[in-house]
Amino acid sequence: MSTPLLQVEHLRVTYRVARRKVVAVQDASFVARRGRCLGIAGESGSGKSSLARAILALEDQVSGKVLFDGQDVLRQTRAARREFRRRAQMVFQDPLGSLNPRLKVGAALGEVLRVHKIADSRADVQAQIARWLTTVGLDPAYADRFPHELSGGQRQRVNIARALCVGAEFLVADEPVSALDVSVQAQILNLLQTLQADCGITWVLIGHDLAVMRHMADDLLIMQAGEIVESGPAAQILENPQHPYTRALLASASHLESAQNGL
Ligand SMILES: Nc1ncnc2c1ncn2[C@@H]1O[C@H](COP(=O)(O)OP(=O)(O)OP(=O)(O)O)[C@@H](O)[C@H]1O
Ligand SMILES: [Mg+2]
């Protein structure tokens with residue numbers, strides 16, 4: 001069996017707030033298997049985003065180990081960090097806020113293609129932009145549009161294209177659909193699932209919705225107050241939850257579903 005793409009050991013993330021130390025993530029250990037989707041669920045404030053940022057080396061006050069393809073990302077040389085920034089990418093909740101309002105879609109993609117030296121000639125950049133817009137389900141003509149000229153779902157498609165066009169292998173999606181209309185949420189999740197299969201992407205999906213996790217995640221972590229209280233194959237956890245907190249989350253999810261169905 002191949003080694004996991006990401007291996008996290010005893011990760012701890014803290015923040016300093018007015019001289020007080022807030023522990024956002026405590027002693028987290030888990031792996032993300034290659035080509036799979038790892039779901040992270042838990043209530044608001046349980047540390048999901050802090051964990052996500054820490055594994056992408058975007059947090060300062062972090063201890064423990066984050067091994068990406070065997071290399072410790074918390075103790076990297078500058079050159080290794082640059083390469084890691086290309087291979088591991090993030091997609092955020094707010095699709096508009098993640099895009100520069102003054103850059104047209106094509107320019108936003110072109111910028112990262114040049115920074116990471118994926119394409120340099122003008123023709124090559126244009127070809128890559130068209131290819132990636134098509135891959136995420138947008139007409140290449142969208143290269144000429146500004147972010148405000150797109151719908152929320154289209155913007156999130158651009159964000160996904162921008163993350164993956166540099167040859168990323170690992171994607172962390174932090175509540176990628178919760179700011180979108182319910183009608184387009186499934187389309188974006190399906191796109192991510194297709195990219196997982198077609199491009200062999202390993203990804204982390206953060207969210208509250210356990211029904212979505214059942215559909216998307218191969219493995220699942222349940223977080224409560226900064227700790228991973230349950231982890232394992234998603235189907236197993238959702239069918240047969242062991243921890244009382246997971247049971248409570250599942251119970252509240254099914255109540256919500258019944259309420260939505262008018263039952
Ligand atoms: N930049 C920060 N400065 C100080 N405290 C923070 C910061 N970011 C997060 N926290 C605190 O760390 C804890 C975990 O927050 P985090 O945002 O990781 O949770 P979350 O599970 O992503 O929540 P949500 O579902 O609402 O996005 C919370 O107590 C939060 O208040
Ligand atoms: Mg969050």
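Now for a look at the structure at hand.

So, how was this worked out
Residues numbered from 1 in each chain as written. Chains lettered and ligands numbered in written order. Predicted model: local features only at pLDDT ≥ 70, side-chain atom pairs only at ≥ 80, totals over all residues. Heavy atoms only, no water. Salt bridge = Lys/Arg side-chain N within 4 Å of Asp/Glu carboxyl O. Helix = DSSP H or I, 4+ residues; strand = E, 2+ residues; numbered from the N terminus. Buried < 20%, exposed > 50% of the residue type's maximum accessible area, 1.4 Å probe, protein only. Pairing = 2+ DSSP bridges. Axes fitted to C-alpha atoms, helices over the stretch in contact; angles between N-to-C directions. Near = heavy atom within 4 Å. Polar contact = N/O pair within 3.5 Å; in protein donor to acceptor, adjacent residues only side chain to side chain. Areas by Shrake-Rupley, 256 points an atom, 1.4 Å probe, with all protein chains shown as cover. Phe/Tyr/Trp six-rings, centres within 6.5 Å; stacked < 30°, edge-to-face > 60°. Lys NZ or Arg CZ within 6 Å of the ring centre and 35° of its normal.

## Let's talk about the pattern of salt bridges
If the charged atoms of two oppositely charged side chains come close together, the side chains can form a pair.
Step number 1: Counting across every chain of the model gives 9 salt bridges.
Step number 2: Between Arg34 and Asp69 there is a salt bridge, with the nearest N and O atoms lying 2.9 Å from each other. Residue Arg34 is found in the loop between β2 (20–32) and β3 (37–42), and its partner Asp69 is found in the loop between β4 (62–68) and β5 (71–72); the two are separated by 35 residues along the sequence.
Step number 3: According to the relative accessible area criterion, Arg34 is partly exposed, its value standing at 33%.
Step number 4: For the salt bridge of Glu83 with Arg86, the shortest nitrogen-to-oxygen distance reads 2.8 Å. Residue Glu83 and its partner Arg86 are located together in helix α2 (residues 78–87), separated by 3 residues, close to a single helical turn.

## A short note on the sheet that holds β3
Step number 1: Taking strand neighbours across the sheet as the criterion, the 6 strands line up as β6-β7-β8-β3-β9-β10 in an open arrangement whose pairing is mixed. Among the strands making up the open sheet, the edge pair consists of β6 (88–91) and β10 (227–233). Between one strand axis and the next, the sheet turns by 15 degrees as a mean value, whatever way the strands run.
Step number 2: As judged from the 4 bridges shared by β6 and strand β7 (residues 170–174), these two strands associate in the parallel manner. Residue Val91 lies in a different strand from β7, and its bridge partner there is Ala173.

## Quick word on the site of ligand 1
Step number 1: Not every one of the 14 residues close to ligand 1 is listed here, only the nearest: Ser44, Gly45, Lys48, Ser49 and Ser50.
Step number 2: Residue Ser50 places a side-chain N or O atom 2.6 Å away from an oxygen atom belonging to ligand 1.
Step number 3: Within the side chain of His208, a nitrogen or oxygen atom sits 3.3 Å from an oxygen atom of ligand 1.
Step number 4: The protein chains hide 62% of the 630 Å² of surface that ligand 1 would expose on its own.

## Structural notes on the packing of aromatic side chains
Step number 1: Applying the stated rule across the entire model yields 2 aromatic pairs.
Step number 2: Here Phe68 and Phe84 contribute two aromatic rings whose centre-to-centre distance is 5.2 Å and whose plane-to-plane angle is 75 degrees, an arrangement assigned as edge-to-face. Note that Phe68 is positioned in strand β4 and Phe84 in helix α2, a separation of 16 residues in sequence.
Step number 3: Look at Phe68 and you get buried, because its relative accessible area is 4%.
Step number 4: Residue classification places Phe84 among the buried positions, given a relative accessible area of 3%.
Step number 5: Ring centres of Phe68 and Phe170 lie 5.8 Å apart, and the angle between their planes is 55 degrees; on these two criteria the pair is classed as tilted. One end of the pair, Phe68, is in strand β4; the other, Phe170, is in strand β7, and 102 residues separate them in sequence.
Step number 6: Judged by its relative accessible area of 0%, Phe170 falls in the buried class.
Step number 7: Aromatic rings pair up to connect Phe68, Phe84 and Phe170 into one cluster.
Step number 8: The side chain of Arg145 reaches across the aromatic face of Tyr142, ending 4.3 Å from its centre.

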